[in-house]
Amino acid sequence: MPIVLPPSSTSRVAITCFSKVLSVVLTLSRGAVYKGLGSKRHGPERNRERMAKEIGTSSDLLRTPRLSETHHHFFPASVPELASEFTGQQGDQKFKFPSSIGEHVAFMDEYGVQTAVISPSIQNCWHTQWPAEKYHALCVESYKSQQEYIRENPLRFGAFAMIPLPHVEQSINFIQDTQKEELRPDGYAVATSNGHRFIGDALFDPVWAQLDKISATVFVHPGDTNMAQGLDYPPFVIEFPFDTARAILSILTSGTLTKYPNIRFLFAHNGGAFPFLADRCRALDQTIMANNDGRNVRDLLEGSNIFFDTALSFPVQWALVKGIGFPSARLIHATDFPYTVGDSGAASLGAISPEISGEFTEKEINQDIAYKNALMSLFPRLRKEWENTFGDAILKDAAKL
């Protein structure tokens, strides 16, 4: 039975419990309210643990849908290799990782997330050091575990299946095998760079061709950063955003977007550093136009198959994103759970930064970015789940690409 969240009397401003810093930001931010969040707050960690014990894997949830969530990492106890590399203290952050479906549902209930599309936290060593067969086997086990989440409740969970790039043959085999499953992935996950090759590398063209045939959604997450010596901070602070920018530029200069127009590339963290550097990349417009049917950087950003999620974004960034011509119809709500449940205000801010920025209408924030863009453009199975549960009108007046 689908699980449907009840209306909450608590305003979205209640997310401020995640950090003291965020509460200060919201106090100073013209009283911005991101409508409809969760339940009573008594400290997020204690509340999630309590709720997980009480509800197990189900609860009386969203009668009025709030959010879909496309950047939601999972760490199943059944596959210990999927444990995060960012354990313990990481800079000023200390993370706590869920290992059960109930813990995920507890967070989702509290935060107002109807549907989470789960993905592994891809590690550098898997695609730079592991043999092809070992990485392929991990991808298989990972997806088997993801299927357990979806079977538990196909409305609450979707899945990005991790592909064993840079191993082309194994990646194609994996895609073909998962497409034969009765329960197929809602999309696929890759790192920005795989085996030290960014995703625009011609080596990967056969894989993109396979994904293009099935009109796949591909979630691109940084995970191949080689930190320079002497930098005393974790790679996710600055290196991840720059790897994302490199990955985006690689598919622009190579023509990957144009060669495989049926793939929807969803980039994490608001496109990383790329929006800031987009106009600088116009220095490569001749190359980009030659490989993209005469379209330059701005043309591709305004009218191509690139999407950005909102995880770990900041209010000041959204004017820049809009300024480079990126449409709100290709912005997707995301939390980056559980990395956004640490002690840093910066981690918590991304989910509500579009509201605070003042750059978007109420409909864009509370409907389009919140869930309609994802369901209409990226996830046909989940779209049907929502329509079956809430009625066809739930996606009425969705933003047009």
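Before any of the text, the structure's been laid out above.
These numbers come from a predicted model, not from an experiment. Along every chain, residues carry numbers that run from 1 in the direction the sequence is written. Selection of residues for local features in this predicted model requires a pLDDT of at least 70, selection of side-chain atom pairs for listing and counting requires 80 or more, and totals for whole chains, interfaces and linings are taken over all residues. By convention in this description, side-chain values take in all heavy atoms of the structure and omit both hydrogens and water.

1. What to know about a nonpolar patch on the surface
A residue counts toward a patch only above 30% relative accessible area and without a salt bridge, and it is joined to like-charged neighbours within 9 Å or, for Val, Leu, Ile, Met, Phe, Trp and Tyr, to nonpolar neighbours within 5 Å. Per-residue and other accessible areas were derived by the Shrake-Rupley procedure at a 1.4 Å probe size, with only the shown protein chains allowed to occlude residues. Salt bridges are counted wherever a side-chain nitrogen of Lys or Arg sits within 4 Å of a carboxyl oxygen of Asp or Glu. On the surface, a cluster of nonpolar side chains totalling about 240 Å² of accessible area is made up of Val237, Ile238 and Phe242. Put simply, DSSP marks the helices as runs of H or I at least four residues long and the strands as runs of E at least two long, and each gets a number from the N terminus on. Secondary-structure assignment places Ile238 in the loop between β9 (217-221) and α8 (239-253).

2. Let's talk about the environment of Ile324
With respect to the element layout, Ile324 can be found in the loop between α13 (315-323) and β12 (331-332). The class for Ile324 is buried, based on a relative accessible area of 2%. Sequence-wise, Ile324 and Val297 are 27 residues apart; in three dimensions their C-alpha atoms are separated by 9.2 Å. Note on contacts: a residue pair is in contact if any heavy atoms of the two residues lie within 4.5 Å. When sequence neighbours within four positions are dropped, the list of residues in contact with Ile324 reads Pro275, Ala278, Arg298, Leu301 and Glu302. A simple rule labels every residue: compare its accessible area, found with a 1.4 Å probe on the protein chains alone, to the largest value its type can have, and call it buried under 20%, exposed over 50%, or partly exposed in between.

3. Looking at the sheet that holds strand β5 (residues 157-162)
Strand pairing is assigned whenever DSSP detects at least two bridges linking the two strands. Taking strand neighbours across the sheet as the criterion, the eight strands line up as β1-β4-β5-β6-β9-β10-β11-β12 in an open arrangement whose pairing is parallel. The strands lining the two open edges of the sheet, one partner per strand, are β1 (67-73) and β12. Note: β1 against strand β4 (residues 113-119), five bridges, orientation parallel. Each residue of the ladder has a partner; that of Ser68, found in β4, is Thr115. A fitted line through C-alpha atoms serves as each axis, taken over the contacting stretch for helices, and the angle formed by two N-to-C directions is quoted from 0 to 180°. With respect to the sheet, helix α16 (residues 362-377) is in contact with β1, β10 (264-267), β11 (306-309) and β12, its orientation differing from that of β1 by roughly 75 degrees. The strands touched by helix α17 (residues 380-390) within the sheet are β1, β4 and β5, with β4 carrying the most contacts at an inclination of about 160 degrees.

4. A closer look at the pairing of strand β6 (residues 187-191)
The side chains of a regular strand alternate, residue by residue, between the two faces of the sheet. Extensive coverage of β6 is indicated by the burial of five of its five residues. Alternating residues of β6 divide into Gly187, Ala189 and Ala191 and Tyr188 and Val190, and every residue in both groups is buried. Where β5 lies against β6, three bridges are found, and the strand directions are parallel. By the bridge assignment for β6, Phe160 is matched with Gly187. If you view a crossover with the strands going away from you and the path from the first strand over the helix to the second runs clockwise, you call it right-handed. You can see the chain leave β5, run along helix α6 (residues 168-179) and come back into β6, and the turn it takes is right-handed. The pairing of β6 with β9 spans four bridges and is classified as parallel. Paired with Val190 across the two strands is Val220, which belongs to β9.

5. Some words on helix α5 (residues 132-152)
Here the expected length of a helix is defined as 1.5 Å per residue gap, with one fewer gap than residues. Taking 1.5 Å per residue as the helical rise, α5 with its 21 residues ought to reach 30 Å, and the 31 Å between its terminal C-alpha atoms agrees with that figure. Residues Ala132, Tyr135, His136, Leu138, Cys139, Ser142, Tyr143, Ser145, Gln146, Gln147, Tyr149 and Ile150 constitute the buried set of α5. In this fold, the buried residues of α5 make contact with α3 (101-111), β4, α4 (124-128), β5, α6 and α17.

6. Here we look at the layout of surface pockets
Grid points spaced at 1 Å and placed over the protein atoms alone form the basis of the search, with a cavity being a set where a 1.4 Å probe fits but cannot get out and a pocket an open set showing protein on both sides within 12 Å along at least five of seven lines. Lining residues have an atom within 4 Å of a point. Grid points are joined across faces, edges and corners, and a volume is the space filled by probe spheres set on the points. Here the second largest pocket is characterised by a volume of approximately 350 Å³. Along the walls of the second largest pocket sit 17 residues, with Gln179, Arg184, Pro185, Asp186 and Pro380 positioned nearest its centre. Broken down by secondary-structure element, the contributors of at least two residues to the lining of the second largest pocket are β6 and α17. Its residues placed into classes, the lining of the second largest pocket shows eight nonpolar, four polar and five charged. Any residue outside Ala, Val, Leu, Ile, Met, Phe, Trp, Tyr, Cys, Pro, Asp, Glu, Lys and Arg is labelled polar, Gly included; the first ten of those are nonpolar and the last four are charged.

7. Observations concerning α16
Where α16 bends most, at Asp368, the angle is about 60 degrees. Within α16, 12 of the 16 residues are buried, which leaves the element mostly enclosed by the surrounding structure. All of the buried residues in α16 are Glu364, Ile365, Asn366, Asp368, Ile369, Ala370, Tyr371, Lys372, Asn373, Ala374, Leu375 and Ser377. Contacts made by the buried residues of α16 are with β1, β10, β11, β12, α15 (353-357) and α17. Take the seven residues that end at a residue and the seven that start at it, fit an axis to each, and the angle between those axes is the bend at that residue.

8. Quick look at unusual backbone geometry
With glycine set apart, most residues show a phi of negative sign, and most peptide bonds adopt trans. Look at the link from Leu165 to Pro166: it is a cis peptide, with omega at 15 degrees. Position of Pro166 relative to the elements: it lies in the loop between β5 and α6. A cis geometry characterises the amide bond from Phe337 onward to Pro338, with omega recorded as 0 degrees. Relative to the helices and strands, Pro338 resides in the loop between β12 and α14 (345-349). Backbone geometry places His269, a non-glycine residue, at a positive phi of 60 degrees. Topologically, His269 is positioned in the loop between β10 and α10 (274-277). At Asp336, a residue that is not glycine, the phi angle is positive and equals roughly 65 degrees. With respect to the helices and strands, Asp336 occurs in the loop between β12 and α14. In this structure Asp336 comes out as buried when scored by relative accessible area, which is 3%.

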